[in-house]
Amino acid sequence: MPHYHKLGKIPSKRHTQFRKPDGGLYAEQLVSTEGFSDLYSLTYHVHPPTKVLDIEDSYSIAPEVAIEKNLQHRSFQGFNIKPEADYLKSRVPVLVNNDLYLELAAPTKSMDDYFFKNSQATEVIFVHEGEGTLRTMYGNIDFGYGDHLVIPRGIIYKIDFKTEKNRLFIIESFSYVRFPKRYVNQAGQLLEHAPFYERDIRKPENLETHDEKGDFKVLIKRENRIWPYHYQTHPFDLIGWDGYHYPFAFSIHEFEPITGRLHQPPPVHQTFEGHNYVMCAFVPRLYDYHPKAIPAPYNHSNVDSDEVLYYVDGDFMSRKNVTRGMISLHPTGIPHGPHPGTVEKSIGKKETKELAVMVDTFKPLSLTKQALEIEDEGYFRTWLEE
Ligand SMILES: [Fe+2]
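Residues numbered from 1 in each chain as written. Predicted model: local features only at pLDDT ≥ 70, side-chain atom pairs only at ≥ 80, totals over all residues. Heavy atoms only, no water.

**So, the overall build of the chain**
Test applied: Secondary structure counts use DSSP, requiring at least four H or I residues in a row for a helix and at least two E residues in a row for a strand, with both numbered from the N terminus. We compute the radius of gyration over the C-alpha atoms and compare it with the globule rule, which gives 2.2 Å times the number of residues raised to the power 0.38. A 1.4 Å probe rolled over the protein chains alone gives each residue an accessible area, and that area as a share of the maximum for its type sets the label: buried under 20%, exposed over 50%, partly exposed in between. Should any heavy atoms of two residues lie within 4.5 Å, those residues are counted as being in contact. Under the counting rule used here, the positive set is Lys and Arg, the negative set is Asp and Glu, and His together with the chain ends is not counted. Taken as the charge centre is NZ of Lys, CZ of Arg, CG of Asp or CD of Glu, depending on the residue.
Across its full length, the chain holds 3 helices and 30 strands. Taken against the 2.2 N^0.38 rule, which gives 21 Å for 386 residues, the C-alpha radius of gyration of the chain at 22 Å falls within 12% of a compact globule. Buried residues in the chain amount to 54% of all 386 residues. At a minimum sequence separation of 6, the contacts of the chain that also span at least 24 residues come to 77%. Between the mean site of the 44 positive side-chain charges and the mean site of the 53 negative ones, the chain shows a separation of 2 Å.

What follows is the structure in structure tokens.
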């Protein structure tokens, strides 16, 4: 999805002898997707990436589904998820289906004694609070408030947080995450009408080559289990790499909103898509400028999607009692819209400061046990009173 990129030293011809200063060979690794038929990178390790010392017993971290079938508007207090020191333990699945998991996390500590590799999903980590550095074998990406960190499936990573106050909204996607097809030309370039551009995509930099031997723990997630692998060599020992398969960051603050004389439909807010879902970013923008425009959205029922909104910051003109980190779930085909009184109030308003991330899934979402613990009871009745 992103463009060709390279870091460090690589041989002039692929699959040829590439020697270290001491005369030994670097170990080439092809990291490929879709059965060697789609995006890939060629990487050059100081040591072969195959030196497994040990594998501990695997254990389950499968989401515990509490309500499998849902047809009720619901809302959840995302910030009521308890902070937790360990990054992996901090990740709480809230809404799940066979295409993706939506998770919340409030990790307080950096990943000091292990690396993580998600072998079942590409991750989009939306950083609501916190800053730090995402470290991978492809290089590092500094991140902060508002970043989407896109980590394709199979990339080993580690996160260093700067402080203990971190809030993450994580999309675990079982298909690859791409920009909307309509924004990309045949060569893969973002088109002029897209609300973002290649310069807004932050690629890995500062490649660190760790030529170290020891015992390096990599927790690998596959089929909702963690497999604790121990490697003899440091996973980040690349001297160089090139290709299209690597992690990147895109900040919600770089999204340029598309506005109009009349209310624009949700797809204008789209950022990413995967199999059976889309992601959107609602950002501060000018309201519709027809003289009789109604800035509040119309009531709507999306007959094909469950609609999940994660509220980040700013004012949410069409909703009452919205808090930071709140999640609303509006299931397929059940109409929802502005809360009572908010339509008239919106008339004449010139701009909104709202910031939110939306995920629309084309298959129904189930609720986990932890989702029920942070649910606002009776949300489905909140349209009754003026
Ligand atoms: Fe909606």
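Following the structure, the description resumes.
**A look at a negative patch on the surface**
Rule in force here: Patches were defined on residues exceeding 30% relative accessible area and lacking a salt bridge, with like-charge contacts within 9 Å and nonpolar side-chain contacts (Val, Leu, Ile, Met, Phe, Trp, Tyr) within 5 Å. Surface accessibility in these figures is a Shrake-Rupley result with a 1.4 Å probe; residues are shielded only by whichever protein chains are displayed. Should a side-chain nitrogen of Lys or Arg be within 4 Å of a carboxyl oxygen of Asp or Glu, the pair is scored as a salt bridge.
A cluster of acidic residues, D54, E56, D57 and D215, forms a negative patch on the protein surface. Checked against the element boundaries, D57 lands in the loop between strand 4 (52-55) and strand 5 (59-60). Overall, the relative accessible area of 71% leaves D57 in the exposed class.

**Observations concerning the coordination of the iron ion**
To be explicit about the condition: A donor here means an N, O or S atom no more than 2.8 Å from the metal, or no more than 3.2 Å when the metal is Na, K or Ca. Since water is not included, a site may seem to lack partners. Geometry is assigned from the angles between donors: four donors with all angles from 85 to 135 degrees make a tetrahedral site, four or six donors whose opposite pairs exceed 155 degrees while the rest stay between 65 and 115 make square planar or octahedral sites respectively, and everything else is labelled irregular.
Summarising the metal site, the iron ion is bound by the protein donors H300 (NE2), E307 (OE), E307 (OE) and H336 (NE2), whose distances to it range over 1.9 to 2.7 Å. Coordination at the iron ion comes from 4 donor atoms whose angles at the metal span 54 to 152°, giving a geometry best classed as irregular. Counting the intervening residues between successive donors of the iron ion yields the motif H-x6-E-x28-H. On the accessibility criterion, H300 (22% relative accessible area) is partly exposed. Residue classification places E307 among the buried residues on the basis of a relative accessible area of 7%.

**Points about the pattern of salt bridges**
Here the structure, examined in full by the defined rule, presents 19 salt bridges. When the shortest N-O distance is used, the salt bridge between R74 and E375 registers 3.0 Å. Here the residue R74 occupies a position in strand 7 (residues 74-77), and E375 occupies one in strand 30 (residues 375-376), the gap between them amounting to 301 residues. Its relative accessible area of 8% is what places R74 among the buried residues. Note that K221 and E172 form a salt bridge whose closest N and O atoms lie 3.0 Å from each other. In this pair, K221 sits in strand 18 (residues 213-222) while E172 sits in strand 16 (residues 167-173), placing the two residues 49 residues apart along the sequence. The exposure classification of K221 matches that of E172, with both residues buried. Ionic contacts of the salt-bridge type, sharing partners, join the residues R91, E103, E123, E172 and K221 into one network.

**Some details on a nonpolar patch on the surface**
The grouping of L30, F36 and Y40 at the surface amounts to a nonpolar patch, some 330 Å² of accessible area in total. Along the polypeptide, F36 turns up in the loop between strand 2 (27-32) and strand 3 (40-45).

Don't take any of this as a statement about function, it's just geometry.
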